[in-house]
Each structure stands twice: as structure tokens, then as C-alpha cells.
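# Per-entry structural report
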Amino acid sequence: MKTTRGMKLFAAASALTLGLAACGNSTPEKKEDNAGKSDAKASGLSGTINGSGATAQQKAQQAWRDNFTKANPGVVVNYDGTGSGTGREQFISGKVVYAGTDSLLKDEEIQAATKRCGSEPLELPLYISPIAVAFNLPGIKHLNMTGEIIAKIFDGKIKKWNDAAIADINKDAKLPDLPIIPVNRADDSGTSKNFQQYLVAASNGSWGYEPADKWPVKDTQSAEGTSGVINLVKSTEGAITYADASQIENLGSAAVEVAGEFLPYSPEAAAAIVDGSQPKKNATDRLLAYDLKRDGSIKGAYPIVLVSYVIACTDYKDANDGKLVKSYLSYIASKEGQEVATKAKGGNAPISDALRAKVTAAIDLIKG
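Residues numbered from 1 in each chain as written. Predicted model: local features only at pLDDT ≥ 70, side-chain atom pairs only at ≥ 80, totals over all residues. Heavy atoms only, no water.

## Considerations on the packing of helix 4 (residues 84–93) against helix 5 (residues 107–117)
Look at helix 4 against helix 5: their axes get within 8 Å of each other, and the N-to-C directions meet at 35°. Note on element contacts: helix 5 touches helix 4 through Glu-109, Ala-112, Ala-113, Arg-116 and Cys-117, opposite Arg-88, Phe-91 and Ile-92. Grouping the constituent residues of the contact of helix 4 with helix 5 by class yields five nonpolar, no polar and three charged. (Axes fitted to C-alpha atoms, helices over the stretch in contact; angles between N-to-C directions. Helix = DSSP H or I, 4+ residues; strand = E, 2+ residues; numbered from the N terminus. Contact = heavy atoms within 4.5 Å. Nonpolar A, V, L, I, M, F, W, Y, C, P; charged D, E, K, R; others polar.)

## Looking at the packing of aromatic side chains
For the structure shown, the criterion picks out 14 aromatic pairs. Ring geometry for Tyr-79 and Tyr-98: centres 6.1 Å apart, planes at 25°, overall stacked. On the criterion of sequence distance, the pair formed by Tyr-79 in strand 2 (residues 75–80) and Tyr-98 in strand 3 (residues 98–101) is long-range, its members being 19 residues apart. Ring geometry for Phe-195 and Trp-215: centres 6.3 Å apart, planes at 15°, overall stacked. With Phe-195 in helix 8 (residues 190–202) and Trp-215 in the loop between helix 8 and strand 7 (221–223), this pair connects stretches of sequence that are 20 residues apart. For the pair formed by Phe-195 and Trp-215, the shared burial category is buried. One cation-aromatic arrangement involves Arg-116 over Phe-91; the distance from NZ or CZ to the ring centre is 4.7 Å. (Phe/Tyr/Trp six-rings, centres within 6.5 Å; stacked < 30°, edge-to-face > 60°. Buried < 20%, exposed > 50% of the residue type's maximum accessible area, 1.4 Å probe, protein only. Lys NZ or Arg CZ within 6 Å of the ring centre and 35° of its normal.)

## Some thoughts on the state of the cysteines
This structure, assessed with the given rule, holds one disulfide. Across a sulfur-sulfur distance of 2.0 Å, Cys-117 and Cys-313 are joined as a disulfide pair. In this structure, the disulfide formed by Cys-117 and Cys-313 twists by about -65° around the S-S bond and is classed as left-handed. Taken together, the residues span a long stretch of sequence, with Cys-117 in helix 5 and Cys-313 in the loop between strand 13 (305–312) and helix 11 (319–333) at a distance of 196 residues. Residues Cys-117 and Cys-313 agree in their burial class; the two are buried. (Disulfide = S-S within 2.5 Å.)

Here's what the structure looks like:
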């Protein structure tokens, strides 16, 4: 990968910023700020870029923006958690210069994005996170569940928390005689699609719907965005939902059946499923799409996972947009950027070095 002088200086600024921060309170804040400003001016980066999309990425995007703009105070980065579907629409229409999505671009979206960009877009897996099955049951923080049980709960076929199917694999839990209230996303959501893909793969045929961004079951309790479903479950005893694990706060969560055992979610277990999966057949050096193996057969790999992508152009009408997007995405993909999001409780598992090499090569195609 060719590295511009500006990128070298930005990397130096980032390293210096983190190094000073690691020294603790004994280092004056003024020195840290001045170092960031000096190096940022030398890099020549300035301007504003706007993005929107997946709410699952929101905490990670906040951490990435804060650290990138701290090192480059001439740059403003905005990210609006509108949901994956809206993010893709706004990117294709040219309202934003990059987007986050938990669902891969469809063929017709790739064609539309290619028309907008003037060349095939980039689709980069930069955020890997477990999807938690989260519930509100006072006094119960952990339950075991199979894919079949989860599918039947969200399809309204298991209706009570003390149902024999749940009780038989949770003998130590005092399950209440309480109605189960499934809560799903009301908006088009990549998290919904990823969750349904798990249900299809792991439920022994108990989930009869085609995975889609739009939730397929009618007459359900629902809310907009990740924060919406979490707030609804927190206020509703007996409720259960699926959501990015970094945002479930103090709700209870399920360990799911994996290779004959029950495995709780963790970023590390989520990353393991990506390493055990193959690229999609239509993947290219720009469209880095993966066909995740979600059936629970990979030991130690949590199967309810989303790989969230960042979509961008390689050619922008405004060359400065290209320069800023390239710099920002390079930071996100870097080891430092991935770790910053994890430490900020972004919920992500850092991408592997092998995947980073592919992502970096794609980002290097951006002109600017």
C-alpha cells in the first residue's frame, strides 16, 4: 500500500496522542492537545464528512470520530444512526459520503452505488459484534437456549417463561409463570436480518421466514433502533429482544447452544465465527463479503453475530471528500482504531491481521 506524507503524519499524531494519554494525569492536557493540533495542521486535513446507517456501530463510530478528530482538529466527522436501510439509501442518493450497514448490499444496490460512485463501491467489514438475546426477568441474568427455542419464542409459539422446553435446560433457574413478550426492530435493520439468518441455520426448521431487514412476524411489540428495543425491554417485565451486545446494559442474556455446549456471547467468540467462515461467491477485492457459518457447529464460535460493513466510494466528485474518507477509514481499520472502539465499549471484536490487509488494500483504492 502506498502511504502519503499526510497519512504518515496522521499515524504519528495518533501514536503520540495515545502515548501521552497512557501516561496518566501527570501529563498536562495542554501538551496533548497542542501535539494533536500541530501534527494535524501538518497533515493538511480539513473539512467535513457525513455518514449514516447502522445503529449497532454507533458507539464504535463515536470512539473513532472522537480519536480521529482529536488528532485532526481541522476535520469534522458526523455519523447519524439512522439504521442500515436508511444509511444505504442515503449513500446511494449521495446524501452522505459513507454509510454503515449490518446487511450486505443487494445486487440492485451495488448497481445503484456504482452509478453514484462512478465505479464499484467499497464494502468493508470493519465492525464485528455479537448479537445478544436479551431479556427482562427480575432475578435472572443468564439462561441457556437452543436455536429452536429462540425461534419458537420470536415466532410466538413458546408463550410462557416457565415452558417445559426452557425449564428442561435451565433446571437451576426459578422461571416465572409469566408471558413472554418478544420485541423486534420496527425499522429496516441489518441486525434483524443477521438474527434471522441465525434462526434459519440453527432452529431445525422452526423458523419459516426468509431473512430480511424488515421483521416478518406480524402483530408484535416493536421499536425503532437498537436503543428503542432496549428501552422497551427494560421497561417491560417478561420482554425479550435481540440487539448488539454492547448496548444491552444490565438486561439478562442467553447462552446459546454451540457444538453441544451453551456458549455466552463475547467479542472474541463472535470473531471466531468470521475466521471459520468463507467469503461469499460474489466477493471481490472491493466487496469483502462473508458467508457466515451460523449453525452452531464451530466450537467456541458464538453464532448470533453481525459483521457490520462500511460502504464508501473510491471516486468522489470532491477530491477532499476522498482524502478525508480515505484517512478516516484507514484509521478505523488500523489496529489502534479497532482497539479504541473495543476499549470504549463499542462491542466490537478487532478484525484479524489477515482481514486488515484485505481491507487496507481496498481503502488504498480511494482517490484523494
